[in-house]
There are 2 protein chains.
Amino acid sequence: MHFTSEQRLGDGVLERAFALGEIPGILWTPSASAPVPLVLLGHPPLGLNRMYPRLAARARRCAAEGFAAAAIELPGSGDRPRLPAAERARADLQRAMAAGEPVTGEIIDALILPLVDRAVPEWRAALDALLALPEIGGPVGYSGGLISIGIRLAVAEPRIVAAGLFAGSFVPRAMFDEARQVTIPLHVLLQWDDEGNDRQAALDLFDAFGSKEKTLLANMGGHTGVPPSAGEDAAGFFSRHLR
Amino acid sequence: MHFTSEQRLGDGVLERAFALGEIPGILWTPSASAPVPLVLLGHPPLGLNRMYPRLAARARRCAAEGFAAAAIELPGSGDRPRLPAAERARADLQRAMAAGEPVTGEIIDALILPLVDRAVPEWRAALDALLALPEIGGPVGYSGGLISIGIRLAVAEPRIVAAGLFAGSFVPRAMFDEARQVTIPLHVLLQWDDEGNDRQAALDLFDAFGSKEKTLLANMGGHTGVPPSAGEDAAGFFSRHLR
């Protein structure tokens, strides 16, 4: 991993772009005298540039809690090479939705599973590199993004001790079995009136999680209308588990 | 309303027992130089004495936010005259549950509706008396207790501007229609693994609420295992809406 640029944001937050091999990423660190916990910022596959304003706002909230935050570009997003199979699945999805047809399990599997298979090892490699930095100590939390990536990471990566997930995306049926294997504390956000999301599937997924400590927080406001109070609640969750 | 005793708790909180006609109650007020908002503390029909430790803890949390808090004895509870019809319904309920039989809508209606019909006017009379005190200014929130009482109050009492409800008790079907008429901001707590509670009915009730701003917070821990973080979240809800 090498840093490619840096800038100071307000409140003493240092923002550094980095490259991990061919994967671009961003690291935000608060000014601190001792190594700090880290939150991995998940995001939808829309590209880091497009997601930057929301990621930076979440990172600054993490910094206010004394946590570093990091995001990496997902496979097939931003300037990274497209994944032809995922592009075809996305086209199938858009066609089905435009025609008012049901989104089949085959489309969801083709859209999500290859992305999970590729993204999770990349997140773990990024974690290796980030935890090697002297300013980052852990523990590590994972927050947001595609819930299937969060589930796989929560099962596969023992250094992640708590996860805040957004139940707002298509979930392959196979991920329900992985959900049962999750044991870390979870904070799951659900937009109750999310038109593009199957509420019952989200509730079933929450029920499936094996964690003894899990919280579901449902709000109104549609897919993109998560209220500011939900951010406060998530911050409270991470501050309880990463200190 | 007249005060019958008073004591100072820690942190400058004044606790006063009062009588409103034949209804006993408790008022907690923070030390403040200006009139403060008020939270009505709902509670299950187990008697104020038995509920006192939990009520006092909730009241002190309100006081820490700068809010007064008050509770009154429910009809048929504590030292108040028993309600024979409700006692019969309670016996029917216990019999059905002990026999592993379904709890019928008739039992739930007989148990809850008369209590709601009596308790809500009493809460409103208490509100008249409390808001007449110079140290209490409003706005007013309602928190906890039997959710059916909270629903009726939220519909009937325009001085209540926000309600935190606990989806942990039997709800007569008729209350679903009243729930649709609720428009104030709601914070609904659900214990996901509450053995004595019908989760799907609780989710349906949350869905029925007419409020544009409503939050469902579901946690693990069984009926009585509401985690401390849920109290923090509820405090955040009231501090957003009563200031």
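First things first, this report covers the structure right here in the doc. Everything numeric here is computed off the predicted structure, so don't read it as measured data.

Rules behind the numbers
- Residues numbered from 1 in each chain as written.
- Chains lettered and ligands numbered in written order.
- Predicted model: local features only at pLDDT ≥ 70, side-chain atom pairs only at ≥ 80, totals over all residues.
- Heavy atoms only, no water.
- Least-squares fit on C-alpha atoms with pLDDT ≥ 70 in both.
- Contact = heavy atoms within 4.5 Å.
- Salt bridge = Lys/Arg side-chain N within 4 Å of Asp/Glu carboxyl O.
- Helix = DSSP H or I, 4+ residues; strand = E, 2+ residues; numbered from the N terminus.
- Buried < 20%, exposed > 50% of the residue type's maximum accessible area, 1.4 Å probe, protein only.
- Buried area = accessible area lost by both parts, 1.4 Å probe.

## Here's the deal with the relation of the copies chain B and chain A
Step number 1: Under the fitted operation, chain B is carried onto chain A by 0.0 Å of movement along the axis and a turn of 180°, and the coordinates agree to an RMSD of 0.0 Å. Taken together, the turn and the small shift mark the pair as related by a two-fold rotation axis. Closest approach to the rotation axis within chain B is made by the C-alpha atom of B:Leu217, at a distance of 2.3 Å.
Step number 2: Of the interface residues in chain B, 100% have counterparts in chain A that sit at the interface too, so the contact is made through matching surfaces.

## Overview of the pattern of salt bridges
All names here are of chain A.
Step number 1: Per the counting criterion, the structure on display carries 25 salt bridges over all chains.
Step number 2: Here arginine 16 makes a salt bridge to glutamate 135, at a shortest N to O gap of 2.7 Å. Residue arginine 16 is found in strand β2 (residues 14-20), and its partner glutamate 135 is found in the loop between α3 (105-131) and β6 (136-144); the two are separated by 119 residues along the sequence.
Step number 3: Classification of glutamate 135 as partly exposed rests on a relative accessible area of 26%.
Step number 4: In this structure, the salt-bridge partner of aspartate 117 is arginine 152, at a minimum N-O distance of 3.1 Å. Taken as a pair, aspartate 117 in helix α3 and arginine 152 in helix α4 (residues 147-156) lie far apart in primary sequence, 35 residues in all.

## Topic: the interface of chain B and chain A
Step number 1: Taken together, the contact pairs 18 residues of chain B with 18 residues of chain A.
Step number 2: Counting each side, the surface lost to burial between chain B and chain A is near 1600 Å², with a carbon and sulfur contribution of 53%.
Step number 3: The largest share of the area that chain B buries against chain A comes from B:Trp192, B:Met220 and B:Arg240, three residues that together contribute 28% of it.
Step number 4: For the pair chain B and chain A, the number of links is four salt bridges.

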